[in-house]
Amino acid sequence: MVSCRLAVVSMAGLAAEGLRYDKVVGQSADLFSLQRLINRSKPQLSRDQQQNLTRWAVLVAASLLKNNTKIHEALMSSMSQKLSIIECIETIEKSI
């Protein structure tokens, strides 16, 4: 079975873009990543299950981002400064 956590992480970029802008442009890569995970799952998910998992993951990702706006904005700032992964993790930890 596909990890629900991995599904949420896969959809986080799409959710963040949807919350920030009126139009989501970069969803193809996010959806492709999730589809690759789904394709490897055992047992195989039906089309309805795949759609439900995708919708659920976007909803949870968007909820997490909305409920942690301060942390997300701090992380976006660090990423836009091209800070290292360690520095981005430190940004998150300091923002909690």
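Rules and cut-offs
Residues numbered from 1 in each chain as written. Predicted model: local features only at pLDDT ≥ 70, side-chain atom pairs only at ≥ 80, totals over all residues. Heavy atoms only, no water. Helix = DSSP H or I, 4+ residues; strand = E, 2+ residues; numbered from the N terminus. Contact = heavy atoms within 4.5 Å. Areas by Shrake-Rupley, 256 points an atom, 1.4 Å probe, with all protein chains shown as cover. Lys, Arg positive; Asp, Glu negative; His and termini not counted. Charge placed at Lys NZ, Arg CZ, Asp CG, Glu CD. Polar contact = N/O pair within 3.5 Å; in protein donor to acceptor, adjacent residues only side chain to side chain. pLDDT = per-residue confidence, 0-100. Patch = residues over 30% accessible without salt bridge, like charges linked within 9 Å, V, L, I, M, F, W, Y side chains within 5 Å. Salt bridge = Lys/Arg side-chain N within 4 Å of Asp/Glu carboxyl O. Buried < 20%, exposed > 50% of the residue type's maximum accessible area, 1.4 Å probe, protein only. Core = buried A, V, L, I, M, F, W, Y, C linked by side-chain atoms within 4.5 Å. Axes fitted to C-alpha atoms, helices over the stretch in contact; angles between N-to-C directions. Parallel < 35°, antiparallel > 145°, perpendicular 65-115°, else oblique. Left-handed = near helix turned anticlockwise from the far one by under 90°. Nonpolar A, V, L, I, M, F, W, Y, C, P; charged D, E, K, R; others polar.

The next point concerns the overall build of the chain. The helix and strand inventory of the chain stands at five helices and zero strands. What you see in the chain, going N to C, is helices and strands ordered as α-α-α-α-α. In terms of principal-axis extent, the alpha carbons of the chain reach across some 40 × 30 × 20 Å. In the chain, 55% of the contacts between residues at least 6 apart in sequence involve partners at least 24 apart. Per element, the accessible surface of the chain, about 7,000 Å² overall, is 57% carbon and sulfur. On the chain, the mean spot of the 12 positive side-chain charges and the mean spot of the 8 negative ones are 7 Å from each other.

Secondary-structure assignment places S41 in the loop between helix 2 (27-39) and helix 3 (47-67). One polar contact links the side chain of S41 to the main-chain carbonyl oxygen of I38, over a distance of 2.8 Å. Polar contacts involving the side chain of S41 include one to the main-chain carbonyl oxygen of P43, which spans 3.5 Å.

Below, the discussion takes up the confidence of the model for the chain. Averaged over the chain, the pLDDT score is 92; the fraction of residues at 70 or greater is 99%. Ranking the elements of the chain by mean pLDDT puts helix 2 last with 90 and helix 5 (residues 85-95) first with 97.

So, about a nonpolar patch on the surface. A grouping of I85, I86 and I89 is seen on the molecular surface, where their side chains present a nonpolar patch of about 320 Å² in accessible area. Mapping I85 onto the fold places it in helix 5. The class for I85 is exposed, based on a relative accessible area of 67%.

This paragraph deals with unusual backbone geometry. The amide bond that connects K42 to the next residue, P43, takes the cis arrangement and shows omega of -5 degrees. For P43, the location among the structural elements is in the loop between helix 2 and helix 3. The backbone of K82 sits at a positive phi, close to 60 degrees, despite the residue not being glycine. Residue placement: K82 occurs in the loop between helix 4 (69-80) and helix 5.

Core analysis: the biggest nonpolar cluster contains 15 residues, and I38 and L53 have the highest contact counts within it. Tallying contributions element by element places helix 1 (residues 4-20) first for this core, with six residues.

All right, on to the packing of helix 4 against helix 5 then. One way to put it is that helix 4 packs onto helix 5 with a least axis distance of 9 Å and a crossing angle of 155 degrees. Relative to helix 5, helix 4 is oriented roughly antiparallel. Helix 4 and helix 5 meet at a crossing whose hand is right-handed. Contacts between helix 4 and helix 5 involve K70, I71, A74, L75, S78 and M79 on the former and, on the latter, C88, T91, I92 and S95. When its residues are assigned to classes, the contact of helix 4 with helix 5 shows six nonpolar, three polar and one charged.

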